[in-house]
Amino acid sequence: MHEHAYQAQCEAEEPRHTAATAPSRNPRLALFALALGTFAIGTGEFGSNGIIQLFAADLDVSIPVATYAITAYAFGVMIGSPAITLIAARTNRRTLLLGLVALFLIGNGLSAIAPNLALLVVFRFIAGSVQGAFFGAGAVVAAYVYGPGRGGKAFATVMGGLTVATIVGSPLGTFIGQNAGWRAMYWAVVVIGLLAGAALVAWLPRTSDLHGGSIRNELSALRRLNVWLMVAVAALGISSIFAVYTFIGPFITDAAHQDPALIPLALAVFGIGMAVGNGLGGRVADRYESRGLLYGYGGVLVFLVLIGIAGNNLTVLLLCFFGTGATMMFAIPTIQVRLTGFAPDAPTLMGALNLAALNLANSLGAIGGAITLDAGWGTLSTVWAGAVLTSAGLLLYVTTVGRVRTPLPAAT
């Protein structure tokens, strides 16, 4: 599914990390372990959006204030993940992944017992610091265990865990939170994380081939203007998806006046849209340099307007949830291909930086939505904040890096 989006990153790692023959007796088990890790991470991230009303009420804060916990997770990815990637540049990737799982368990376990919002914010930051580094290191290991010339396909399997999290993990986590309390959702994430950790211990290969590389190569990418422009395009443009996803609960209950029991269904519809859009977007990203981003950003603006105008109708709202997820994810593979094309010699950091950009988008979307809610413009007003941010990202791309040509990756 993410084969084309992450192909450049995986291919850049293959000369250093891929064995001449398949290094694992059963590489599928190693890939499953990595996918289970991304499923746990995705469930913790997206599941938090589905229970925002629950922990806001329990901790006696408003929904706009409760979004600080969502924003803190995003800042953990933006700040913590690149920092961990650089600090651990020479660390064996198997060791790094196991350490990241341990930190993930700590962050989510503490989130489950947080007595107030201030500490929940701190603990969500800790949990978020794992995400980008896990995906970056996971790309290296996936390329290694699958063998020469199949790195993109390998990482596509790993990334499948994140998509499953949006379709199954997040709705299930929301259901658990609604029926057993919001803290139970984080305990469920801890259980999944423990299973992922055990799978990684059992099935990831123990080899010196997975030792890290030079920090100088990773840092060299940070001196390239096009990398930072592409990060800005991603952060601004993708923010609209979170201006919707973060507030799905209030959209269902306050705007459409439906029972909260429909929130897990709405999350699943959104996740299915993301999966469909990502699959189609990967094919487009492999063939065309900019169409995926241009069509994706343009399409999501249409659905945002529809929500803003007619989102009080449940049918329209659900259709727009699917459309918003599909059109935005249609753009993301193109973003990744372009980002790794600008810095193919720093694949691990580009993986972390890409996740940092997506979570900066998470933060911007949540903050923009909170501003419109605080201003008293109504529940559906969050989509207009998202539309402004996505329009800015589209304009930035068209006027800057959209004009720069980079080679498209060869198909595996």
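Basis of the calculations
- Residues numbered from 1 in each chain as written.
- Predicted model: local features only at pLDDT ≥ 70, side-chain atom pairs only at ≥ 80, totals over all residues.
- Heavy atoms only, no water.
- Phe/Tyr/Trp six-rings, centres within 6.5 Å; stacked < 30°, edge-to-face > 60°.
- Helix = DSSP H or I, 4+ residues; strand = E, 2+ residues; numbered from the N terminus.
- Buried < 20%, exposed > 50% of the residue type's maximum accessible area, 1.4 Å probe, protein only.
- Contact = heavy atoms within 4.5 Å.
- Salt bridge = Lys/Arg side-chain N within 4 Å of Asp/Glu carboxyl O.
- Axes fitted to C-alpha atoms, helices over the stretch in contact; angles between N-to-C directions.
- Parallel < 35°, antiparallel > 145°, perpendicular 65-115°, else oblique.
- Left-handed = near helix turned anticlockwise from the far one by under 90°.
- Nonpolar A, V, L, I, M, F, W, Y, C, P; charged D, E, K, R; others polar.
- Expected span 1.5 Å × (residues − 1).
- Polar contact = N/O pair within 3.5 Å; in protein donor to acceptor, adjacent residues only side chain to side chain.

(A) A look at the packing of aromatic side chains. In total, this model carries seven aromatic pairs according to the counting rule given. Both rings, one in Phe46 and one in Tyr245, keep their centres 5.4 Å apart while their planes meet at 70°; by these two values the pair is edge-to-face. You can see Phe46 sitting in helix α2 (residues 27–50) and its partner Tyr245 sitting in helix α11 (residues 225–245), a full 199 residues away along the chain. Here the two residues Phe46 and Tyr245 agree in accessibility, since each one is buried. Summarising the aromatic geometry, the rings of Tyr245 and Phe270 are spaced 5.0 Å apart at their centres and angled 75° between planes, so their arrangement reads as edge-to-face.

(B) Looking closely at the side chain of Ser129. Locating Ser129 in the fold gives a position in the loop between α6 (117–128) and α7 (131–146). In this structure Ser129 touches Gly76, Val77, Gly80, Ser81, Ile84 and Leu103, once residues within four positions along its chain are discounted.

(C) Representation of the pattern of salt bridges in the model. With the rule as written, the count across this model stands at two salt bridges. Taking the shortest distance from any N to any O, the salt bridge between Arg183 and Asp58 comes out at 3.6 Å. Note that Arg183 is positioned in helix α9 (residues 182–203) and Asp58 in helix α3 (residues 52–58), a separation of 125 residues in sequence. Take Asp58: its relative accessible area is 45%, and that puts it in the partly exposed class. With a shortest N-O distance of 3.2 Å, Arg338 and Glu289 are connected by a salt bridge. One end of the pair, Arg338, is in helix α15 (residues 314–342); the other, Glu289, is in the loop between α13 (263–287) and α14 (291–310), and 49 residues separate them in sequence. Summarising the burial analysis for this pair, Arg338 and Glu289 share the class buried.

(D) Region of the structure containing the packing of α11 against α14. With their axes 10 Å apart at the nearest point, α11 and α14 run at an angle of 30° to one another. Classified by the angle between their axes, α11 and α14 sit roughly parallel to one another. Handedness of the crossing formed by α11 with α14: left-handed. Residues Met230, Val233, Ala234, Gly237, Ile238, Ser240 and Val244 of α11 lie in contact with α14, whose contacting residues are Leu293, Tyr297, Val300, Leu304 and Ile307. Taken together, the residues of the contact of α11 with α14 sort by class into ten nonpolar, two polar and no charged.

(E) Just α6, in detail. End to end, α6 covers 16 Å across twelve residues, agreeing with the expected 16 Å (1.5 Å per residue, within 8%). The opening residue of α6 is Asn116, an N-cap whose side-chain oxygen sits 3.3 Å from the backbone nitrogen of Ala118.

(F) Focus on unusual backbone geometry. For Asp60, which is not glycine, the phi torsion reads 60° and is therefore positive. You can see Asp60 is positioned in the loop between α3 and α4 (63–87). Of the residues examined, Asp60 reaches a relative accessible area of 70% and is grouped as exposed. At His257, a residue that is not glycine, the phi angle is positive and equals roughly 55°. Mapping His257 onto the fold places it in the loop between α12 (248–255) and α13.

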